[in-house]
Amino acid sequence: APNTAHQKKRNRMAYLIGAAVPTLIFGILAVVFYFQSGKSDRPQGSDADDHSLSIAVLPLLNMSAVEDNAYFAGGVHEDILTNLSRIAGLRVTSRTSAMRYVNTDMHLSDIGKELNVRYVVEGSVRRVANHVRVTVQLIDSLNDAHLWANNYDRELVDVFATQSAVAKEISNSLHLVIQPETV
């Protein structure tokens, strides 16, 4: 009989440990995830760092007579946004918010204030036959100053490949200018 009492006590202890260990592990994980998500859930624009690493990409202007070029310009715009959104610590304004500035005559500093961003990207797309030129400029919206500009000339063989390649080069260049320490 003393052996079975000891056996029951060991079984209870094993059940207790078996229940406590996963509970403890999940509890610790829950606390860690809670504090990590608390950092990312803070409101946008809550501190100076949030504003200094924020960007809006305005829709690229179609500067050619070919109406199909507007689709190409829209695709480059989408790809730039997608690539920039992958950069850690950079807040990128949504496409929908930027679209309302398609044909505006507002100053870029005013657009930056309205969108609560430090940087604004603007540009254009020109196409002649199978040659396309994408011109992009990075503007500091605090002082309306050009920080960087570049032309991207390509032969338009595969529309999607050209869009992606140009957008990747643009976003890498913007990343280098805005966050050189993270590249």
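The structure this text deals with has already been given above.
Notes on the structure follow. (Residues numbered from 1 in each chain as written. Predicted model: local features only at pLDDT ≥ 70, side-chain atom pairs only at ≥ 80, totals over all residues. Heavy atoms only, no water.)

Things to note about the pattern of salt bridges
Here is step 1 of the chain: All told, the structure shown has 4 salt bridges when counted by the stated rule.
Here is step 2 of the chain: Its salt-bridge partner being Arg-95, residue Glu-78 comes within 2.3 Å of it at the nearest N-O pair. Of this pair, Glu-78 sits in helix 3 (residues 69-85) while Arg-95 sits in helix 4 (residues 95-99); the two residues are 17 residues apart in sequence, bridging distant segments of the chain.
Here is step 3 of the chain: According to the relative accessible area criterion, Glu-78 is partly exposed, its value standing at 32%.
Here is step 4 of the chain: One salt bridge connects Arg-133 with Asp-153, and the closest N-O pair in it is separated by 2.6 Å. One end of the pair, Arg-133, is in strand 5 (residues 131-140); the other, Asp-153, is in strand 6 (residues 145-155), and 20 residues separate them in sequence.
Here is step 5 of the chain: Of the residues examined, Arg-133 reaches a relative accessible area of 31% and is grouped as partly exposed.
Here is step 6 of the chain: Taking the relative accessible area as the measure of exposure, Asp-153 reaches 44% and is therefore partly exposed. (Salt bridge = Lys/Arg side-chain N within 4 Å of Asp/Glu carboxyl O. Helix = DSSP H or I, 4+ residues; strand = E, 2+ residues; numbered from the N terminus. Buried < 20%, exposed > 50% of the residue type's maximum accessible area, 1.4 Å probe, protein only.)

Considering the environment of Arg-100
Here is step 1 of the chain: Within the secondary structure layout, Arg-100 lies in the loop between helix 4 and helix 5 (108-115).
Here is step 2 of the chain: The exposure class of Arg-100 is exposed, given its relative accessible area of 54%.
Here is step 3 of the chain: Distance in space between the C-alpha atoms of Arg-100 and Pro-59 is 9.1 Å, their sequence separation being 41 residues.
Here is step 4 of the chain: A distance of 3.3 Å separates a polar side-chain atom of Arg-100 from the backbone oxygen of Ser-97. (Polar contact = N/O pair within 3.5 Å; in protein donor to acceptor, adjacent residues only side chain to side chain.)

Describing the nonpolar core
Here is step 1 of the chain: If you look at the biggest cluster of nonpolar residues, it comprises 26 residues, and the most contacted ones within it are Ile-55, Leu-84, Val-134, Leu-138, Ile-170 and Leu-174.
Here is step 2 of the chain: Every element with two or more residues in this core is listed here: strand 1 (54-57), helix 3, strand 4 (119-128), strand 5, strand 6 and helix 6 (159-178).
Here is step 3 of the chain: No other element matches the 6 residues that helix 3 contributes to this core.
Here is step 4 of the chain: The residues touching Leu-138, leaving out its near neighbours within four places in the chain, are Ile-55, Tyr-119, Val-120, Val-121, Ala-145, His-146, Leu-147, Trp-148, Leu-174, Val-177 and Ile-178. (Core = buried A, V, L, I, M, F, W, Y, C linked by side-chain atoms within 4.5 Å. Contact = heavy atoms within 4.5 Å.)

Structural notes on the pairing of strand 4
Here is step 1 of the chain: Looking at chain direction, strand 1 and strand 4 are connected through 3 bridges and run parallel. By the bridge assignment for strand 4, Ala-56 is matched with Val-120.
Here is step 2 of the chain: For strand 2 (residues 61-62) and strand 4, the ladder comprises 2 bridges, and the chain directions are parallel. When the sheet's bridge partners are listed, Leu-61 is paired in strand 4 with Ser-124.
Here is step 3 of the chain: Strand direction decides the pairing type here: strand 4 and strand 5, joined by 10 bridges, are antiparallel. Its bridge partner lying in strand 5, Val-120 is registered against Ile-139.
Here is step 4 of the chain: Here strand 4 folds back onto strand 5, and the loop between the two strands holds 2 residues, one of which, Ala-129, carries a positive phi near 55°. (Pairing = 2+ DSSP bridges.)

Some points on helix 5
Here is step 1 of the chain: For helix 5, every residue scored as buried is listed here: Leu-108, Ser-109, Ile-111, Gly-112 and Leu-115. Projected onto a plane normal to the axis of helix 5, the buried residues spread over an arc of 160° and lie on a single side.
Here is step 2 of the chain: In the core, the buried residues of helix 5 are packed alongside strand 1, strand 3 (91-92), helix 4, strand 4 and strand 5.
Here is step 3 of the chain: Backbone geometry just after helix 5 places Asn-116 at a positive phi near 55°. (Arc of directions from axis to C-beta.)

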